[in-house]
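# Architecture at a glance
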Amino acid sequence: MRRGARTVLASLGADGAVLVEESGVWYGEAPAAVPRSSVGAGDAMLAGFLAAGGTGPDALTQALAWGAAAVQQPGSRMPGPAHIDLSAVTVCRPDPDRPLSTAVPAALPQPG
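Residues numbered from 1 in each chain as written. Predicted model: local features only at pLDDT ≥ 70, side-chain atom pairs only at ≥ 80, totals over all residues. Heavy atoms only, no water.

## Some words on the layout of surface pockets
Empty space within the largest pocket amounts to approximately 350 Å³. Secondary-structure elements contributing two or more residues to the lining of the largest pocket are α1 (41–51) and α2 (56–71). For the lining of the largest pocket, the element with the most residues is α2, which contributes four residues. The residue inventory of the lining of the largest pocket, partitioned by class, reads ten nonpolar, seven polar and two charged. (1 Å grid on protein atoms, 1.4 Å probe; cavity = no way out; pocket = protein on both sides within 12 Å on 5 of 7 lines; lining within 4 Å. Points joined across faces, edges and corners; volume = space filled by probe spheres on them. Helix = DSSP H or I, 4+ residues; strand = E, 2+ residues; numbered from the N terminus. Nonpolar A, V, L, I, M, F, W, Y, C, P; charged D, E, K, R; others polar.)

## Observations regarding the side chain of Q73
Structurally, Q73 can be placed in the loop between α2 and β4 (90–92). A distance of 3.4 Å separates a polar side-chain atom of Q73 from the backbone oxygen of A69. (Polar contact = N/O pair within 3.5 Å; in protein donor to acceptor, adjacent residues only side chain to side chain.)

## Looking at the packing of aromatic side chains
A complete count under the given rule lists zero aromatic pairs for this structure. Here R93 stacks its cationic end above the ring of W26, 3.8 Å away from the centre of that ring. (Phe/Tyr/Trp six-rings, centres within 6.5 Å; stacked < 30°, edge-to-face > 60°. Lys NZ or Arg CZ within 6 Å of the ring centre and 35° of its normal.)

## Section: the sheet that holds strand β2 (residues 17–21)
The four strands are arranged β1-β2-β3-β4 in an open sheet whose pairing can be described as antiparallel. Every other strand in the sheet has two partners, leaving β1 (7–11) and β4 as the edge strands with one partner each. Neighbour-to-neighbour, the strand axes of this sheet turn through a mean angle of 15°, independent of strand direction. Across three bridges, strand β3 (residues 24–29) lies against β4 in antiparallel orientation. Opposite Y27, over in β4, you have C92 as the bridge partner. Each of β1 and β2 touches α1; the most contacted strand, β1, lies at about 145° to it. (Pairing = 2+ DSSP bridges. Axes fitted to C-alpha atoms, helices over the stretch in contact; angles between N-to-C directions. Contact = heavy atoms within 4.5 Å.)

## Digging into the environment of S23
Here S23 is to be found in the loop between β2 and β3. For S23, a relative accessible area of 49% puts it in the partly exposed group. Within the local environment of S23, its side chain forms a polar contact with the side chain of E21, the two groups lying 3.0 Å apart. (Buried < 20%, exposed > 50% of the residue type's maximum accessible area, 1.4 Å probe, protein only.)

## Digging into the nonpolar core
In terms of nonpolar packing, the biggest core is built from 13 residues, with A17, L19, A30, F49, L60, L64 and V89 touching the most fellow members. When residues of this core are traced back to their parent elements, those giving at least two are β2, α1 and α2. Ranked by the residues each element gives to this core, the list is headed by α2, at six residues. Dropping the residues within four chain positions of it, L60 is found in contact with L9, A17, L19, W26, Y27, G28, F49 and V91. (Core = buried A, V, L, I, M, F, W, Y, C linked by side-chain atoms within 4.5 Å.)

Structure (structure tokens):
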């Protein structure tokens, strides 16, 4: 009996996502032209991945397109098919030497 996860889809936020499965490891990214809200982006990414079959680079492409579209929506509004831009998605084998973004949130104001 096989146990454990057979497929792992991990969001890296603005740095894209990684898909690990039996066929290999894939990395992808889809820059959001105008990021507005990250609320629901992970849900949209997972929905796109599962709707595309839940396996392989094509499903990762759909996942990233839906996640990027969600980030461009206001508040918790979910994207629709008209918001999806597959041409903005890049999927490839990961480069272990490529650093993730090092963006650090601004420090909170200290009480005076």
